[in-house]
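# Notes for the structure review
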Amino acid sequence: MTMLEVRDLHANVQGREILKGLTLTVNPGEVHAIMGPNGSGKSTLAHVLAGRPGYEVTQGQVIYQGRDLLTLSPEERAREGVFLAFQYPIEVPGVSNVYFLKAAANAIRKHRGLPELDAMDFLALCKEKAALVELPEELTRRAVNEGFSGGEKKRNEIFQMAVLDPALAVLDETDSGLDIDALRIVASGVNKLRSPQRAMILVTHYQRLLDYIVPDFVHVLADGRIVTSGGKELAQELEAKGYAWLEKEPAPAASR
Amino acid sequence: MSTDQLHELASREYQAGFVTDIDSETVPPGLSEDVIRLISSKKGEPEWMLEWRLSAYRHWLQMKEPAWPNVHYPKIDYQAISYYAAPKSSKDAPKSLDEVDPKLLETYEKLGIPLREREKLAGIAVDAVFDSVSVATTFKDKLKEVGVIFCSFSEAVKEHPDLVRKYLGTVVPVSDNFFAALNSAVFTDGSFCYVPKGVRCPMELSTYFRINAANTGQFERTLIVAEEGAYVSYLEGCTAPMRDENQLHAAVVELVALDDAQIKYSTVQNWYPGDKDGKGGIYNFVTKRGKCFARAKISWTQVETGSAITWKYPSCILQGDDSVGEFYSVALTANRQQADTGTKMIHVGKNTKSTIVSKGISAGHGQNTYRGLVRIGKGASGARNYSQCDSLLLGDKCGAHTFPYIDVQNSTARMEHEASTSKIGEDQIFYFQQRGISAEEAVNMIVNGFCKEVFKELPMEFAVEAQKLLGVSLEGSVG
Ligand SMILES: Nc1ncnc2c1ncn2[C@@H]1O[C@H](COP(=O)(O)OP(=O)(O)OP(=O)(O)O)[C@@H](O)[C@H]1O
Ligand SMILES: [Mg+2]
């Protein structure tokens, strides 16, 4: 079954059309990179997929694992396996990272008909997954993202992804703000999470991330549409030439 | 999660709002010396008690209802209130639970309050006050073994008149304020607790108050005395049925902690808050104060989720050197609720120390005011105070206000004050939802996180109850 099928998606934010007929197909096991100029709608796509209020779909369809994703509430989407690593992770004072994540993991497990994890099992799971992205244990005990450095926040997102074990992960600029070592560590964590059952959409501005996490497809999103798609070489081409040349290209097949 | 949904979330259903159908004896509405004489005679009180009431009444007649609190309500007609309501069957006060009307026991069971001693619940001794009368006190015998007296106030007046006379009104004098004077004139019952020198009370003591009858006020009086080196932890819970008219609750609580004694007083207040539009609900105008002698400690912890209006400042007079006062508070106002609450820490003795942690949560159209006074007297050298006032807002139609008053007359005092205001943001709620957690649960988790420092001061079972209560209070139809 296809993991995700986005067909001719149009979406408004604050009454302004941001996505203008976006089409994209993602299969299990695939990693898709989405690149594109600032303000072109990459984060908007991520938020529409996650069901963020205020993002209004005016046309088109999103089919996730054979179901109409757009009719599900944000928490149902999450429980069904859709994960968004935020470009700007949110701070939640007073709520500890582990407590937050345990509530999330158990909400998802409950939805899947699995027994809830007790504190001991959960802490063991956390330890294992924190090691994957080398997240200092101290951070798991602190309030969610509160006072985390930019890089720590990004690392925390991937840590959460590892714990929650999603089917479809959308990583919105997880690489920005990471130092060179952290980028390598986070990328290797993400690579370990690649599996034939899981699909990932990486939003990024930099070819560098794609040296570590090699994508199966690269798409360029410009002005609310996918304007061109290709293999990993496309990213190198973009790095060399920028985005300007694309505007002269004919509409590519991928965006129909 | 839109702003609208946040507002929805802030509206709530009251779950303790049933009315118990029992025959009760009510004095007709109105207040006069005759009514006071009637109350006193119904309770079979000695002459001194009646005189004390009458002197309070005469003071009250000269006093004006306070206008300074940041709360708004229609004028109360004190002649329209009935000052005494008692379940008929317990006219002669029940000697044991077997004599208590089964319907009353049912009521308390519905509230989750075990009165039957055979249930031996977690070793908590309970006194239950239904309307104006104390209906049952549990574990009395066990307490007696160690010399602890825990009984209804009426019983204490009869059985332990010397103790009552010695301490009653020593912390909150009859003329203290309008509502305290009213209470002193007409109080009908309440709890009395006495822990003798050097005794550590072997169990938590607890009183549950419930207003049932319509058009009645509840005026209970609580007096707790811990002698030298004694320790007691006392819990208080309150509920009322849902009624369209407002009901007045004006209680007085006095705590006396002699040298080296410790009193921990915890309240979970869940009086009926009124409906979504602010109709009905309890007016909770309460005076609570404790006096600490040398090296004594009084700790107030309150979780205030109910009442249409709350006017309440549990305070400490730090009379003795090295005494300690603490105030930990969570006050939630949702819908049209208003709360003006806080504390007074009066430092008189040397090296006295006080801590204030106040957490105000406002939702819907709720208005939450913290009002606190820290006074360091001339002789209070080396006094220290730490105050922290945090406000959490849900939605944008509610309000949070803080009025910290500081009056320092000794230059060696050290004062620390911290304050913050935060808002539960839509982006925070979405973050939870994106991780699979519902909006309602998200608000719960954020609110509980916000209140953590206060909840940890509550006895275990109460902390759980308080957490659930906040959840229920904020529960609504999340769309
Ligand atoms: N909540 C919002 N209110 C108003 N405008 C918005 C909102 N969210 C997105 N937009 C607008 O939509 C457009 C697309 O934004 P989006 O965040 O999707 O871009 P992006 O491709 O992720 O850009 P970047 O590479 O800078 O992250 C921008 O013009 C942005 O200003
Ligand atoms: Mg973006």
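Summarised in this report is the structure supplied together with it.

Next up on the list: the overall build of chain A. Helix and strand counts for chain A stand at nine helices and 12 strands. A compact globule built from 256 residues would reach a C-alpha radius of gyration of about 18 Å, and chain A, at 18 Å, matches this within 12%. The principal-axis extents of the C-alpha atoms in chain A amount to approximately 55 × 40 × 35 Å. Computed over 29 positive and 34 negative side-chain charges, the inter-centroid distance for chain A is 1 Å.

Take the overall build of chain B next. Summing up its helical and strand segments, chain B has 11 helices and 23 strands in all. Within chain B, the fraction of its 479 residues that count as buried is 64%. A separation of at least 24 residues holds for 84% of the contacts in chain B among residues at least 6 apart in sequence. Carbon and sulfur atoms form 48% of the exposed surface of chain B, whose accessible area is close to 17,500 Å².

Our next topic: the coordination of the magnesium ion (ligand 2). Around the magnesium ion (ligand 2), the protein supplies Ser43 of chain A (OG) and Gln87 of chain A (OE1) as donor atoms, at distances of 2.0 to 2.2 Å. Of the two residues, serine 43 of chain A is situated in helix H1 (residues 42-50) and glutamine 87 of chain A in the loop between strand S6 (82-85) and strand S7 (92-96); the sequence distance between them amounts to 44 residues.

This part covers the site of ligand 1. All names here are of chain A. Near ligand 1 there are 16 residues, and of these Gly39, Lys42, Ser43, Thr44 and His205 occur at the shortest range. Within the contact set of ligand 1, a nitrogen atom lies 3.4 Å away from a side-chain nitrogen or oxygen of tyrosine 55. Protein contacts shield 67% of the accessible area of ligand 1, which totals 640 Å² for the unbound molecule. Elements supplying a minimum of two residues to the shell around ligand 1: strand S2 (16-26) and H1. If one sorts the elements of the shell around ligand 1 by residue count, H1 sits on top with three residues.

Next up on the list: the nonpolar core. Core analysis: the largest hydrophobic core is formed by 116 residues, its most contacted members being Leu4, Leu22, Leu49 and Ile201 of chain A together with Ile361, Phe432 and Val447 of chain B. Sort the elements by how many residues they give to this core and helix H10 (residues 439-455) of chain B lands first, with 10 residues. Excluding residues within four positions of it along the chain, leucine 22 of chain A makes contact with Val6, Arg7, Asp8, Leu9, Leu45, Leu221, Gly224 and Ile226 of chain A. Core analysis: the next-biggest nonpolar cluster, separate from the first, contains 52 residues, Leu54, Phe219, Val225 and Leu248 of chain B among them.

What follows covers the packing of aromatic side chains. Residue and element names in this part refer to chain B. This structure, assessed with the given rule, holds 24 aromatic pairs over all chains. On the basis of an interplanar angle of 65° and a centroid distance of 5.1 Å, the ring pair of phenylalanine 179 and tryptophan 311 is categorised as edge-to-face. Of this pair, phenylalanine 179 sits in helix H8 (residues 178-186) while tryptophan 311 sits in strand S15 (residues 309-312), placing them 132 residues apart in sequence. Residue phenylalanine 179 is classed as buried on the basis of its relative accessible area of 1%. Owing to a relative accessible area of 5%, tryptophan 311 belongs among the buried residues under this scheme. By the ring-pair criterion, three or more aromatic residues cluster together here, those being Tyr57, Trp60, Trp68, Tyr73, Tyr78, Phe178, Phe179, Tyr283, Phe285, Trp311 and Tyr313. Directly above the ring of phenylalanine 450 sits lysine 359, whose terminal nitrogen or CZ lies 5.0 Å from the centroid.

All names here are of chain A. Viewed as axis vectors pointing N to C, helix H4 (residues 119-132) and helix H6 (residues 150-164) meet at an angle of 130°, and their least axial separation amounts to 9 Å. What the angle tells us is that H4 and H6 run oblique. When you trace H4 past H6, the crossing you get is right-handed. Between H4, through Phe122, Leu125, Cys126, Lys129, Ala130 and Leu132, and H6, the contact on the second element is made entirely by Phe159, Ala162 and Val163. A class-by-class count of the residues in the contact of H4 with H6 yields eight nonpolar, no polar and one charged.

The rules behind these values
Residues numbered from 1 in each chain as written. Chains lettered and ligands numbered in written order. Predicted model: local features only at pLDDT ≥ 70, side-chain atom pairs only at ≥ 80, totals over all residues. Heavy atoms only, no water. Helix = DSSP H or I, 4+ residues; strand = E, 2+ residues; numbered from the N terminus. Rg over C-alpha atoms; globule rule 2.2 N^0.38 Å. Lys, Arg positive; Asp, Glu negative; His and termini not counted. Charge placed at Lys NZ, Arg CZ, Asp CG, Glu CD. Buried < 20%, exposed > 50% of the residue type's maximum accessible area, 1.4 Å probe, protein only. Contact = heavy atoms within 4.5 Å. Areas by Shrake-Rupley, 256 points an atom, 1.4 Å probe, with all protein chains shown as cover. Donors = N, O, S within 2.8 Å, 3.2 Å for Na, K, Ca; no water. Near = heavy atom within 4 Å. Polar contact = N/O pair within 3.5 Å; in protein donor to acceptor, adjacent residues only side chain to side chain. Core = buried A, V, L, I, M, F, W, Y, C linked by side-chain atoms within 4.5 Å. Phe/Tyr/Trp six-rings, centres within 6.5 Å; stacked < 30°, edge-to-face > 60°. Lys NZ or Arg CZ within 6 Å of the ring centre and 35° of its normal. Axes fitted to C-alpha atoms, helices over the stretch in contact; angles between N-to-C directions. Parallel < 35°, antiparallel > 145°, perpendicular 65-115°, else oblique. Left-handed = near helix turned anticlockwise from the far one by under 90°. Nonpolar A, V, L, I, M, F, W, Y, C, P; charged D, E, K, R; others polar.

The quantities given are spatial measurements derived from coordinates; they are silent on function.
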